[in-house]
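Chain residues, written in single-letter form:
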Amino acid sequence: MFDLPQEFSDRMKDELGTEYDAFIQSYTRPAEKAVRANTLKITPEEFEKLAPVPLDGKVPWEESGFYAQGEGLGKTVLHAAGLYYVQEPSAMCAVPELEIKSGERVLDLCAAPGGKSTQIAQYMQGEGILVANEMDFKRHGILKSNIERCGVKNAAVTCQSPENLAGYYQSYFDKILVDAPCSGEGMFKKEEAAVREWSLKNVQACAARQAKILESAHKMLAGGGRLVYSTCTFAPDEDERQIQNFLNLHPEYSLVKIKKLLPHKVRGEGHFCAVLEKPSGEHAEDFRLKSIKPSDKKEFEEFKKGVISADFKNIVKLGDSVYSLVDNFPAELKAGVKLGEVKGGRFEPAHALAMCLKPKEFSGLEVDEATAIKYLRGLTFDCTVENGWRVVTYKGYPLGWCKVVNGVAKNHLPKGIRI
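Scope of this entry: the structure provided in the associated data block.

## Description of the overall build of the chain
Check the secondary structure of the chain and you find 13 helices and 20 strands. For 419 residues, the compact-globule formula gives about 22 Å, and the C-alpha radius of gyration of the chain, at 23 Å, lands near that figure. C-alpha extents for the chain along the principal axes are approximately 70 × 50 × 35 Å. Here the analysis covers contacts within the chain between residues at least 6 apart in sequence; of these, 70% occur between residues at least 24 apart. Summed over all atoms, the accessible surface of the chain reaches about 19000 Å², with 48% contributed by carbon and sulfur. Counting 56 positive and 58 negative side-chain charges, the chain places the averaged centre of each group 6 Å from the other.

Here you go:
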């Protein structure tokens, strides 16, 4: 047991009354761990059979979520293959409340590191458009890496403030998730910094920032749309009162439900979410940004021969980079998959291309676990296949590209994601 901030303890005692002792007792137990099977690549049933870590039951509010045991959950070969995402179990509760339907426009406004964005992508199953936004540039890079690893094919990863983003997307999105930056009271067991940095002043600062983010989300939500607001904190100023203040400003919204998971009542560290619906009204159909017409794709088509069989639509060349973009969305925002780059008249495939391919859509080079780890470290390895580009696979699932030259698989895994 560690020391909790006194003012936090006093507030929780006032709020919980007779439940306070059970709440405090929850801090004597280890933090719960969980993973979420990535249904863009594998079914939950298949994942149970392949799971590289011990599983310990299903997460009740997410059909692809499993409690897990052990260390190094994010350091396995199958994690690198994007078959699962390590996510705190309580944090899985918000995305199902969006009730995503095929073909919708969805925004994850505060998206890094990508747990909820990749969860949203699973529900979308490649249909519609997902905009995953993170205004912090360093965290934006982590978000993009996780989107690629999980094989998401219909996302634009943006790095904008909510206010700037609202200037482009007036009344555009059918569903918006605001997983707001918060005081992190649900992270006390997992992060010492969350305890050290907590203060009543910080709670108030977070609440003020959250109100501004919600206002931007309101501007971007289309008429008839659904907004889910979530935090990993228990502070009423950031949770219930935040929502009440929003409803006071926007009484036209309906409050569908409030869900508050507390660590003494569930297997998880706690989470809050509120579901709001906007009345029918404006629904934007186009942008002020100029779209770009599909480009010549001869280099990519030449590369594909004997390497991949998957079909890609809306192929666009921006500079030397080649993308497959989603329908009816500005090419400048690169919503879709980066296929690769044209260098010296030849096509060089991107990591994102390998990671979004499904079995039987590519020419693979299957490796054992030891060789897979060697590959993930950025090393070359010997092989007996013909020269050319190959997708390195483990148990049939892509890890990335190599280029075989005279019996040696040259490593083309991006340096930033090597272990």
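## Focus on the side chain of Ser117
Structurally, Ser117 is set in helix H5 (residues 115-124). Judged by relative accessible area, Ser117 falls into the buried class, the value being 0%. Side-chain polar atoms of Ser117 contact the side chain of Asp108, separated by 2.6 Å. Look past the residues within four positions of Ser117 in its chain and what remains in contact with it is Asp108, Ala111, Leu130, Ala132, Leu143 and Ile147.

## Things to note about the sheet that holds strand E9 (residues 221-231)
Two orientations exist for strands paired in a sheet by backbone hydrogen bonds: parallel and antiparallel. What the seven strands build is an open sheet, ordered E7-E6-E5-E8-E9-E11-E10; its pairing is mixed. The open sheet is flanked by strand E7 (155-158) and strand E10 (254-261), the only strands paired with a single partner. Direction aside, the axes of adjacent strands within the sheet are offset by 15° on average. Here six bridges tie E9 to strand E11 (residues 271-277), and the two strands are oriented antiparallel to one another. Residue pairing in the sheet places Leu227 in a bridge with Leu276 of E11. Together, strand E5 (105-108), strand E8 (173-179) and E9 form the strand contacts of helix H9 (residues 200-220), whose direction differs from that of E9 by roughly 155°. Where helix H10 (residues 240-249) meets the sheet, its contacts fall on E9, E10 and E11, and the angle it forms with E11 comes to roughly 15°.

## Looking at the sheet that holds strand E1 (residues 34-37)
What the four strands build is an open sheet, ordered E2-E3-E1-E4; its pairing is antiparallel. Lying at the two open borders of the sheet, with one neighbouring strand each, are strand E2 (55-58) and strand E4 (84-86). Going across the sheet, the axis of each strand differs from the next one's by a mean of 30°, ignoring polarity. Sheet topology places E1 next to E4; three bridges connect them, and they run antiparallel. Considered in E4, the bridge of Ala37 is made with Tyr84. Running over the sheet, H5 touches E1 and E4 and is turned about 35° from E1.

## Structural notes on the packing of H9 against H10
Helix-helix packing: each pair is described by the crossing angle between the helix axes and the interaxial distance. Across the interface, H9 lies against H10 with an axial gap of 11 Å and an inter-helix angle of 45°. It follows that H9 is oblique to H10 by the angle criterion. Pair H9 / H10 crosses with right-handed handedness. Mapping the contact onto sequence places Ala207, Gln210, Ala211, Leu214, Glu215 and His218 in H9 and Gln242, Phe246 and Leu249 in H10.

## Topic: the packing of aromatic side chains
This structure, assessed with the given rule, holds 20 aromatic pairs. Arranged with centres 6.0 Å apart and planes meeting at 70°, the rings of Phe8 and Trp198 form a pair that is edge-to-face. Separated by 190 residues along the polypeptide, Phe8 in helix H1 (residues 6-16) and Trp198 in the loop between helix H8 (192-197) and H9 bring together distant segments of the chain. Looking at Phe8, the relative accessible area reads 0%, which means it is buried. The exposure class assigned to Trp198 is buried, which follows from its relative accessible area of 8%.

## Some remarks on the environment of Pro54
If you trace the backbone, Pro54 turns up in the loop between helix H3 (44-50) and E2. It is 37 Å that separates the C-alpha atoms of Pro54 and Cys206, two residues lying 152 residues apart in sequence. Not counting residues up to four positions away in its chain, the partners in contact with Pro54 are Tyr67, Ala68 and Gln69.

## Let's talk about the pairing of strand E3 (residues 65-68)
The two faces of E3 match: Gly65 and Tyr67 on one face and Phe66 and Ala68 on the other face are all buried. Bridge count between E1 and E3: three bridges; the pairing is antiparallel. When the sheet's bridge partners are listed, Ala34 is paired in E3 with Tyr67. Here two bridges tie E2 to E3, and the two strands are oriented antiparallel to one another. By the bridge assignment, Lys58 is partnered in E3 with Phe66. Counted along the chain from E2 to the antiparallel partner E3, the turn is six residues long.

About the thresholds
- Residues numbered from 1 in each chain as written.
- Predicted model: local features only at pLDDT ≥ 70, side-chain atom pairs only at ≥ 80, totals over all residues.
- Heavy atoms only, no water.
- Helix = DSSP H or I, 4+ residues; strand = E, 2+ residues; numbered from the N terminus.
- Rg over C-alpha atoms; globule rule 2.2 N^0.38 Å.
- Contact = heavy atoms within 4.5 Å.
- Areas by Shrake-Rupley, 256 points an atom, 1.4 Å probe, with all protein chains shown as cover.
- Lys, Arg positive; Asp, Glu negative; His and termini not counted.
- Charge placed at Lys NZ, Arg CZ, Asp CG, Glu CD.
- Buried < 20%, exposed > 50% of the residue type's maximum accessible area, 1.4 Å probe, protein only.
- Polar contact = N/O pair within 3.5 Å; in protein donor to acceptor, adjacent residues only side chain to side chain.
- Pairing = 2+ DSSP bridges.
- Axes fitted to C-alpha atoms, helices over the stretch in contact; angles between N-to-C directions.
- Parallel < 35°, antiparallel > 145°, perpendicular 65-115°, else oblique.
- Left-handed = near helix turned anticlockwise from the far one by under 90°.
- Phe/Tyr/Trp six-rings, centres within 6.5 Å; stacked < 30°, edge-to-face > 60°.

Everything listed is a geometric property; what it means functionally is a separate question.
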